[in-house]
Each structure stands twice: as C-alpha cells, then as structure tokens.
Amino acid sequence: MTELSKTYDPQKVEQKWYKFWEENGLFKPNTKAEVPFTIVIPPPNVTGSLHMGHALDNSIQDVLIRYKRMKGFKTLWIPGTDHAGIATQNVVERELKKEGKRKEDLGREKFLKKVWEWKKEYGSRITSQLRRLGASCDWSHERFTMDEGLSRAVKKQFVQLYSEGLIYRGKRIINWCPRCKTALSDIEVEYENKKGSLWFIKYGPITVATTRPETILGDTAIAVSPKDDRYKHLWGQTVELPLVGRKIPIIKDDLVELEFGTGAVKVTPAHDPNDYEMGERHNLPKINILTPDGKITLKEFTEEREKQGLAGLEGLDRFKAREKIVEMLKENGYLEKIEDYQNSVGQCYRCKTVIEPYLSDQWFVKVKPLAEAAIAVVEESKIKFVPDRWTKVYLQWMTNLRDWCVSRQLWWGHQIPAWYCGGMTNDKLQMTNGCSEIIVSETKPDKCPKCGGTNLVQDQDVFDTWFSSALWPFSTLGWPDETEDLKTHYPTSVLVTGYDIITFWVSRMIMQGVHFMGKAPFHTVFIHGLIRDITGKKMSKSLGNVIDPIDIIDHAGADALRFALISLVSGGGQDIKLAEEKITEARNFSNKIWNVARFAALNSPPLSPSLNKRGGNPTQKGGGELADQWILSRYNRTIKQVSEYIDNLQVGDAAKLLYEFIWSEFCDWYIEISKIRLYGTDENAKATVQSVLSYILEGTLKLLHPFMPFETEELYQQITSSNKHPTSNIQHPTSNEMPDPKDSIMVQKYPESNEKLINGDIEKQMDLVFEFIRTIRNLRSTFNIVPGVKIKVFIEKELGATTQSYIKTLAKIAEFEISNAYPKHSIISKVEDIEFAIPIEGLVDFAKESERLKKEYNKLAVEIEKVKTRLNDENFKKNTTEGSIAKENQKLKEYGERIGHLESYVSTLQ
C-alpha cells in the first residue's frame, strides 16, 4: 500500500473521483438488480446557483441513493432543472436593459432565441455545482422542463384535462404582479405584515373603513352583515359614491366581519377576491380601474371623468393615486379619520412587488376533483409524510383549494396549445374572419372545426411553471410514452424536499400523478427543515448572513459540508441553525478518519493468508481479547442501528451515531488499546489486532460512504491497493492507475450486521474500563498530578487481569492494591458501585492546589448564579428555543455536580 499523506486534501481527491464515477457509468441503475429505488430531484431553477438549501436537500437524497445502491437496489436518481418562467425571463430582460433594449424591441421569436442562448451558456451552472457536492445522479437521465419530451407531456396534460372538463377559460379575480405583468397562483404570493393605515370614508349616511382608498373608483356597492342591526334600516338603499357621484346599493352579506372597522365595507368586485365573490352573489358590475402595470385607467368612466374632476388621476401609479385620492377625499369632506393599521400585504414571490387582485381572462384548472383523489391517497396511507405532522398541513391545504390559475403572461415557457378562430389580442377576441371558437389541440389545427375558418391564432400566454413540474415524477421517465423506465421506476420511491414547497409542488405532483398514472407518484415524502443562520434568521444577501456552499467546498471539502448538514437534520423536521463551527467540526472529523486510516496503514498492512492463520480471524468468530470482542460488538451494533436509521429516514441520527462510533469508540478507545499489542513482542497478538483494525476500517469506510463519498473512496482504494484484502475479493492496480470500476467503494455491498458478534456483556465490561480511565484521568487533571507520573490505586475488589491491564496502561497506574484501607490524604471516588482511592501525598502541593480549587469553586458559583438568572428571565425564555433552555438546565446540573466534587476535593487537601 502507498503511504498516505500526513493530511487529507479534498481538492486533490474530489474532482478526480467524481470524474471516475461519472465516466464509468456508476450512477446508472444496476441492470442486474431487481428492486427499483427511484428519486426525482426537486428541479432547481435554471437561473439558480447552489445555496445551502440545495446542499442539504441533495446531500440527503445522495445518502439514500448511495445507501440503496450498496444494498443492491436498482437505483435511479433523476436530475434536471426547471425553466423558471418569471425568473429566467427577468434575468434576460435585465441583460437587454444593459443594452438599452426591451423584449418588445426584439419581438417574441428573437427574444426566445436569446433566452435559449442564455440557457445554453449559463443553465448548467447549478448542475456542475451539484457534481461538486458529490450528487450521484444518473446524468444520462437529465431532463429540462422545456425539453422536447417534457413539452409534449405538458401539451398532453392540458388537452386531456380540457377534454375532461377540468380546465376552462374565464374572467375571474387573480393575483397580478404589475412589475412582472403576469398572473400568479395563490401560493406564489408571499404575505408580510406591514404598518399601514385604515381610512374611514363617509358614503352619505354610512362610514366605511378601507386599507385601499384608491380602489374607491371601482366601488359598486356597500356591504354590511345581516347580523348587524345598526344598519338594518339602510338595507336596499343607495348612496352616492364619493368623488365619482355614481349611485351604489347597500347590500347585506355574511362575508362581512362585524369587528372590522365600522362593520360596513366597500365592495370592489374587480379588485378584491372577497368582493368578487360578493359581486357574483349580488350580480354587481365589475369595474376595472387599473392597467396591467398598476396605473390608474378611467377607460370605463365616461361623464364622471370630466364632470367630477377625475381626469388628473389618469396614468398615475396606484400608490401615487392613493395619495391623490386621500387628498381629494379630505378636501371634499369625505374623510372622517385615519388610524394606524397592521396589514398583511401580498407580494410577488419573485420580485417582491405588492400584488394586485385583478380581474382578467385566464385559464383555470378545476382542482376539487383532483384534490379529492390526492387527499384519498394520503388518508389511505398510500403516501406517508415524514415527519407525520406534515400530513395535517397537506390535508388542510388540499381541503381549501381554489381553482388554479395556470396561465401566465410571459413569453418564456410552454405556450398554451389553444387557438382562437379570428385571432385575439389584449384579452379581447377579434372577430376578423373567424367565429371566436377556441380550439385546444396538441398540434396546430388546419381549420376551425366550427366554421372552417383558417385565421387561427395561438394563445400568447404560457403555463405556470408549476403546471409542467407537476408531471416531473413521470414525464422524466418518458410519459406519455409507455417506456421501460416508466414501467420500472414509476411510482418513484421517496421525495425529499423542504416544507416550503408542499403547497407549490408536492400537492400538485400528487394530484397529477394520481390522475394521469392512476397511482401516487411516490410512497414517502421526506420533509426537512430550512437552513437558517445561527440566530434563526433566514439566510439572505440583504442581511449579509449567507454561507456559500461552494466556498465551503473550496476550503473544507464537500464531505465536510455534507456531513455537517446531514448531522443537523432532526427527526422532527425543524429548521436548521447553521454555524460555521459545525463545518469546522465536520472537517476535523474528516481529518480524524484520515489519521486513523494512516495509523492502520502504518501498523496493519493488508494481511497475507499466513498472517491471518497465525493471528486467527477474530472478525469471523468473535475471538481475540476483550477489546477486540468489544469493538466487533460495537461495530456490528452500529451497522444494525445505522441501517435502521437510514431505512426510517432518520439520516441525522445515522450521521451522529457514525460520528460517535468512529471518533470515540474506534479512533480513540480501540486505537489506544490496540497500541499495547501493536507495539509489543507477541506476533500472534499483533496479527490479531491488525486483522481487527483492517476489518473495522474497511467496513467503517463502507458505512460512511453514503455520507462522505469522496474521502471514503480515496481511502478504500488506498487500503485495498497492495494485495487482496482479507475481507474482500478485490484486486487493485498500482496507485498511479485508476481502479476497475467494479472495485469502486460505491458499488460494494453495504455491511450487514453479524448479530452473533453483538455482546451486551462485553460492552458493559468495556464501559466499566472506560469509566475508570475517564474518572482517573479527570482526577489527575483536577489535582495537577504530572501526566507522566505513574500512580498507585487502592481498590476494594479485583477487576480482572485484562480489565486492569487496560486501565493501568491508559490511566498511567503503577499498580492496583486490593484493599479498602486507604492511606491518609487519598482522593476517594467511585465507578458504578466500585470504590477506589488514589494516595496523593508527595504528588501534590496541598496548599497551592487547595487555593487553586477554592478559586475554581468561587468562579463556578458565579457561573451557577448567571445560569439561574438566565433561566428565571422571562424575556430569555420567550425569545429562545426549547433546546437552548434545555442546554442551560444541563449546564446547571453539570455545574452543580462539579461544585459538589470541588467541596470534597478541598476537604481532602485540608
């Protein structure tokens, strides 16, 4: 074996091995395997770059894929990107703006050509970054939501839903972004509480309160609650609309809240979803007062425009118009008062512009029939949410869905396959040589089936991005064709995603999967929390708290980043507070693994058959001495627990368990104990410990591979490069050559637990050894006993020869004396029920150490008071997490125990 370098350098390893894996097709499904395990990647936006959320999500997926691949499944992880309609169009429009151009200057065809050019140049950025993370996706299956196959699938989806009466075109209130100039679905609107005002306006005998006085121009009624007796005498009467002069009725409707404002509200059906519903019930006119870019238009006003002096409002921005209208109301005596008001304001999820409820002709999906089927598969446990608490969130959302607006007023996207006989522009059908018939078809029709006309113009709108990505679990497998991939890998297995897109994406995939495929698209949805900074704030460039995963990979390595993130994943799916210290801890762990492999390489080269025969093979029969039996027991128990954790999607627990086993049990305790025999003269004993070291190291690398793929591959190839390893049939070429692909660690069999080697009694014996060593070391440290000085220990009963030999070596003990008659000035302590004493006379300066321990006692007493003060502070309890409070309580407990020991120690010295 080539000697390992003193330190691990991820930069020399990672790209080398990823290239090897990808070029040799190791990410593709194993054709010999029978049981499929399939994951579809939540497709990142083609405009995006890797952020910590992506890093977490894809690290979890990669753990599952690599684990299942090693377990013998036919694994397929499908990668791809989303065309991200609004985001991508905005990016390219910004580029044009630098040249002093608008998309309209190019026209649709040339603009789309420009977008495709941009996608070709920049669209692979995030997929190259996923490679750097180590994502073992099958790149031969890579898809893009606007590639030819997926475009055909979206057309099929729309046409079929339309033919089934589940899609319709209608004029309804939608969410409108005046900046992006497009419709948005309900879940594309983000709400934020903002300080605003409540304006009280007099409409003759009645006063109403509103947060949007500019929409007064579109009022067509005043509404009161039928339960509100204050206004009973006004039911059915009319009032004059301030500033406009139009007569509008006073109606009663159950939607009105008695507690809001005065209990009377203005009704603007064209600019508020609740008002729209009231307008439908009471047959009210719908007056649009805004242009698509959020400016006032008086096109639906005639005489009021000049007669009432409204002309000056024409073309004003909606918020400037608000100021002007408030001023006019005040001047004309209509404004009664203004109050401060905290209001929930909807914003575009892309550009953060305040959205406008807007009356517009759009395409809608009737979601109720689809939602009912999607609810049923979850209620019948055909889909399981992990953690289970997200099941309730999903079901509540699906129960209250409104029809889904799927048309977007963009150029970049899947153009809606609907044609209008006679043409169409600006929401108005143009009756030019046509009958206004709408023809929905996957391909352009030759003529109108109703009138035979040939002046057919395709709808200019495109589909909501989520409409195409809702097909992702089966369109990526070849649907609508009956491909082998579709037969083999649908339904997929596990969907891994954050809770923030349950409503955006998960719900819609379930609806479309059940409807078009007759089966749920996956059996499990694994929901993880979101990455936040150490204070719990969302990471954002504006706050300056973003941690770039590529920067972390550059200086600490992908393995360290992956392990740090995965180890923070909790079973409850809580958000993750990421501190850079966690990355440092994972990087140190990476170094620890490298060092133990280096130690094993120097002290336990690949064993020849004769050496195996001489030392025996304790890895198969559970032989060797106590420490060997212990590490074999712990190793096999770890295999069992890690496998159970991953099978149950408890990846964070699996990572933490591996960390504890590798760092503490294998690297620290077993390696330290192994040195006794490795540096001794008994060749048989040396051979035994070498055999165990090699066996545990190789198996541990396999256990760890799904979490830290790069370093484990490098080490696995190094430790198995010289000879056939005693625990495998692998023969590797020289270190200057790359191995045979079949010898990669990622296609080796995942370790299986040998339950015969798990021995609770042995583990208990060794726990006693470790506790004795820890206790004696702590006492030596507490009393400043020189580290190299060997001490004598009095103990009340025999521990056993092997047990005592371990303790004597690692705790620097000259001898044990079986006696309960302790010399004066002895430190007396206990491990479990066994009492022992360390005589310290001649080893310790009593006066000096007594003074030092008193100072430590006083310092600790101050810290205890600080912790108590924090725990009694109501503001602290209100503004911190339960975990932080638990840490403070644990700290208080530990301090209390320590101060009790100090009292005893000072007493001994005096």
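Just above, that's the structure.
On a predicted model such as this, the values are computed, not experimentally measured, just so you know. (Residues numbered from 1 in each chain as written. Predicted model: local features only at pLDDT ≥ 70, side-chain atom pairs only at ≥ 80, totals over all residues. Heavy atoms only, no water.)

A.B. asks: Is there a simple way to think about the pairing of strand S25 (residues 522-528) in this case?
C.D. replies: Residues in a regular strand point their side chains to alternate faces of the sheet. Of all 7 residues that make up S25, 6 are buried, and the element is covered over most of its length. In this view, the connection linking strand S24 (residues 492-498) to its parallel neighbour S25 by way of helix H16 (residues 502-517) has right-handed handedness. (Buried < 20%, exposed > 50% of the residue type's maximum accessible area, 1.4 Å probe, protein only. Helix = DSSP H or I, 4+ residues; strand = E, 2+ residues; numbered from the N terminus. Right-handed = clockwise from strand over helix to strand, strands pointing away.)

A.B. asks: Would you mind going over the environment of Leu697 with me for this structure?
C.D. replies: Inspection of the secondary structure assignment puts Leu697 in helix H24 (residues 683-704). Exposure remark for Leu697: the relative accessible area of 5% places this residue in the buried category. Spatially, the C-alpha atoms of Leu697 and Leu715 are 9.6 Å apart, while their sequence positions differ by 18 residues. Once residues within four sequence positions are removed from consideration, Leu697 is found in contact with Val596, Ala597, Ala600, Phe666 and Ile719. (Contact = heavy atoms within 4.5 Å.)

A.B. asks: When you look at the sheet that holds S25 in this model, what are you seeing that I'm missing?
C.D. replies: The pairing of strands in a sheet comes from backbone hydrogen bonds and takes either a parallel or an antiparallel form. Strands sit in the order S15-S25-S24 across an open sheet of 3 strands; the sheet is parallel. The open sheet has two edge strands, strand S15 (384-386) and S24, and neither has a second partner. Strand-to-strand, the axes of this sheet are offset by a mean angle of 20 degrees, without reference to chain direction. Taken together, the 6 bridges between S24 and S25 define a ladder with parallel strand orientation. Paired with Gly498 across the strands is His528, a residue of S25. (Pairing = 2+ DSSP bridges. Axes fitted to C-alpha atoms, helices over the stretch in contact; angles between N-to-C directions.)

A.B. asks: Would you mind going over unusual backbone geometry with me for this structure?
C.D. replies: One can expect most non-glycine residues to show negative phi and most peptide bonds to be in trans. Put simply, Val386 and Pro387 share a cis peptide bond, and its omega is 0 degrees. One can find Pro387 in the loop between S15 and helix H12 (389-399). Across the junction of Tyr490 and Pro491, the peptide omega takes the value 0 degrees, indicating a cis bond. Residue placement: Pro491 occurs in the loop between helix H15 (484-489) and S24.

A.B. asks: I keep staring at the packing of aromatic side chains and nothing clicks. Help me out?
C.D. replies: The way to describe two aromatic rings as a pair is by their centre distance and the angle between their planes. A complete count under the given rule lists 40 aromatic pairs for this structure. The interplanar angle of 70 degrees and the centroid separation of 6.4 Å between the aromatic rings of Phe37 and Phe73 together place this pair among those described as edge-to-face. Pair noted here: Phe37 is in strand S1 (residues 36-40) and Phe73 is in the loop between helix H2 (52-70) and strand S2 (74-78), with a separation of 36 residues, a long-range link. According to the relative accessible area criterion, Phe37 is buried, its value standing at 6%. For Phe73, a relative accessible area of 22% corresponds to the partly exposed category. Here Phe563 and Phe707 contribute two aromatic rings whose centre-to-centre distance is 6.3 Å and whose plane-to-plane angle is 65 degrees, an arrangement assigned as edge-to-face. Highlighted residues: Phe563 in helix H18 (residues 558-567) and Phe707 in the loop between H24 and helix H25 (709-719), separated in sequence by 144 residues. Residue Phe563 is classed as buried on the basis of its relative accessible area, which comes to 3%. Three or more aromatic residues joined by ring pairs form one cluster here, namely Phe158, Tyr162, Trp363, Trp404, Phe463 and Phe467. One cation-aromatic arrangement involves Lys68 over Phe73; the distance from NZ or CZ to the ring centre is 4.4 Å. (Phe/Tyr/Trp six-rings, centres within 6.5 Å; stacked < 30°, edge-to-face > 60°. Lys NZ or Arg CZ within 6 Å of the ring centre and 35° of its normal.)

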